[in-house]
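# Coordinate analysis (summary)
Given next are the chains, with one letter for each unit.
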Amino acid sequence: MTRALILGGTSDASLLAVEIARARIDAVYSYGGRTRAPADQPLPTRIGGFGGVRGLTDYIRAEAITHVIDATHPFAAEMSRNAIEACAETGTPLIALERAPWAQASGDNWIEVPDVNAAVVALPERPANVFLAIGRQHIAPFATRPQHAYTLRFVDPPEAPLPFPADVIVSRGPFTLDTELEMLPARGIAWIVARNSGGDGARAKIDAARMLSLPVIMISRPELPERRRVESVAEIMQWLGHRACLGA
Ligand code: NAP
């Protein structure tokens, strides 16, 4: 009997949950617990960390999980590494649902950097309005460049004081090309710092940057050990031995 664990927290994971529920596959959807009110899922849901590799290994065994689907964000590297180790330890098949990274297109002006610290270094010396399109847990290193005026965008209002003064937008989106083309000039943004998430959901700001000729400091994805990876919900359903209805 199949019993799948979806490591979620992304829009792709939500699409997958719909398909898995529709196919009546026994499954649990897992949220990391970073968002205060995560979206409801059509599957039994658990919220919060497992407690490292050991905790996930115990969970897989206790819940008799037969398949693990890592549908976390490409930058949720700790969870992904833990999944690789726990699945190896328990002999559980693992697959990752991960969109291809964005590629630079004609008109893009990207400075590609390996991590957040390198993004800080890549900012100009002269003061500028900078949109930090990265998660709040990654913004602290930008405090070392206080000459810039930062704009941040979060799903929930910040609970703790920020490491530097900033213009904070609280919004769940969706962010379209039109909303980004309005927001970026309205705040006088001259630089964007983004992570190469891939997919369509977060792409509008990158398309808007190209149209506005804004430089983007693009943080590459963290390196992960080799694992099976597909880009579509349909391929996951196939892997589980079912056909997807949405063709996503
Ligand atoms: P992370 O740094 O890789 O994970 C840190 C720890 O959070 C993990 O070791 C694990 O704790 C727990 N965790 C993460 N995802 C989990 C999940 N789906 N279910 C149960 N525990 C989880 O991850 P992150 O970057 O903080 O992201 C957290 C969640 O937000 C993920 O589900 C991710 O898909 C989602 N998300 C992240 C981003 C992003 O930009 N990073 C963007 C959109 C959505 P234990 O070690 O205790 O098990």
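Keep in mind it's a predicted model, so treat the numbers as computed, not measured. (Residues numbered from 1 in each chain as written. Predicted model: local features only at pLDDT ≥ 70, side-chain atom pairs only at ≥ 80, totals over all residues. Heavy atoms only, no water.)

The strand order across the open sheet formed by six strands is 6-11-10-7-8-9, and the pairing between neighbours is parallel. Each edge of the sheet is formed by a strand with only one pairing partner; in this case those strands are strand 6 (110-113) and strand 9 (166-170). Strand after strand, the sheet turns through a mean of 20° between neighbouring axes, direction not considered. Bridging between strand 6 and strand 11 (residues 216-219) involves four bridges; their strand directions are parallel. Directly across from Glu112, in strand 11, lies its bridge partner Met218. The sheet contacts of helix 6 (residues 204-212) involve strand 6, strand 7 (129-133), strand 10 (191-195) and strand 11, and relative to strand 10 the element is tilted by about 150°. (Pairing = 2+ DSSP bridges. Helix = DSSP H or I, 4+ residues; strand = E, 2+ residues; numbered from the N terminus. Axes fitted to C-alpha atoms, helices over the stretch in contact; angles between N-to-C directions. Contact = heavy atoms within 4.5 Å.)

Another aspect to go through is the packing of helix 5 (residues 177-186) against helix 6. Packed helices, taken two at a time, are described by the angle their axes make and the gap between the axes. Relative orientation of the contacting elements helix 5 and helix 6 amounts to 60°, with a least axis distance of 8 Å. Overall, the two elements helix 5 and helix 6 adopt an arrangement that is oblique. Considering how the two elements wind past one another, helix 5 and helix 6 form a crossing that is right-handed. Side by side, helix 5 and helix 6 meet where Leu177, Glu180, Leu181, Leu184 and Pro185 of the first sit next to Ala204, Lys205, Asp207, Ala208, Ala209, Met211 and Leu212 of the second. Partitioned by chemical class, the residues of the contact of helix 5 with helix 6 number nine nonpolar, no polar and three charged. (Parallel < 35°, antiparallel > 145°, perpendicular 65-115°, else oblique. Left-handed = near helix turned anticlockwise from the far one by under 90°. Nonpolar A, V, L, I, M, F, W, Y, C, P; charged D, E, K, R; others polar.)

This part is about the site of the ligand. The immediate surroundings of the ligand are formed by 23 residues, with Gly8, Ser30, Arg34, Phe50 and Arg195 found nearest. In this structure, an oxygen atom belonging to the ligand sits 2.7 Å away from a main-chain N or O atom of Phe50. Gly52 is positioned with one of its backbone polar atoms (N or O) 3.1 Å from an oxygen atom of the ligand. At the level of secondary structure, the elements contributing two or more residues to the shell around the ligand comprise strand 2 (27-31) and helix 3 (77-90). (Near = heavy atom within 4 Å. Polar contact = N/O pair within 3.5 Å; in protein donor to acceptor, adjacent residues only side chain to side chain.)

Turning our attention to the domain arrangement of the protein. Partitioning the protein into domains gives domain 1 (3-100 + 224-239) and domain 2 (110-219). Distance from the C-alpha centre of domain 1 to the C-alpha centre of domain 2: 28 Å. Each partner contributes to the interface: domain 1 provides nine residues, whereas domain 2 provides twelve residues. Both faces considered, domain 1 and domain 2 share a buried interface measuring about 910 Å² in area, 46% of it formed by carbon and sulfur atoms. Its largest share of buried area at the contact with domain 2, domain 1 owes to Arg36, Phe75 and Arg99, together 57% of the area lost on that side. For the pair domain 1 and domain 2, the number of links is one salt bridge. Its salt-bridge partner being Arg36, residue Glu159 comes within 3.2 Å of it at the nearest N-O pair. (Domains from an automatic or database assignment. Buried area = accessible area lost by both parts, 1.4 Å probe. Salt bridge = Lys/Arg side-chain N within 4 Å of Asp/Glu carboxyl O.)

This next bit is on the packing of aromatic side chains. If you walk through the whole model with that rule in mind, you get four aromatic pairs. Between the aromatic rings of Phe142 and Tyr150, the centroid separation amounts to 5.9 Å while the plane-to-plane angle is 70°, which identifies the pairing as edge-to-face. Residues Phe142 and Tyr150 agree in their burial class; the two are buried. Members of the aromatic cluster, joined through ring pairs, are Phe142, Tyr150 and Phe164. Positioned over the ring face of Tyr59 is Arg46, at 5.3 Å from the centre of the ring. (Phe/Tyr/Trp six-rings, centres within 6.5 Å; stacked < 30°, edge-to-face > 60°. Buried < 20%, exposed > 50% of the residue type's maximum accessible area, 1.4 Å probe, protein only. Lys NZ or Arg CZ within 6 Å of the ring centre and 35° of its normal.)

All of the buried residues in helix 5 are Glu180, Met183 and Leu184. Each buried residue of helix 5 lies within a common arc of 95° when the element is viewed along its axis, so the set occupies one face. Across helix 5 from its buried face, at more than 90 degrees, point the exposed residues Asp178, Glu182 and Ala186. Here the buried face of helix 5 lies against strand 7, strand 8 (149-154), strand 9, strand 10 and helix 6. (Arc of directions from axis to C-beta.)

A cis amide bond links Gly173 to the next residue, Pro174, at an omega of 0°. Mapped onto the elements of the fold, Pro174 is located in the loop between strand 9 and helix 5. Although it is not a glycine, Ala64 sits at a positive phi angle of roughly 55°. Checked against the element boundaries, Ala64 lands in the loop between helix 2 (52-62) and strand 4 (67-70). Of the residues examined, Ala64 reaches a relative accessible area of 47% and is grouped as partly exposed.

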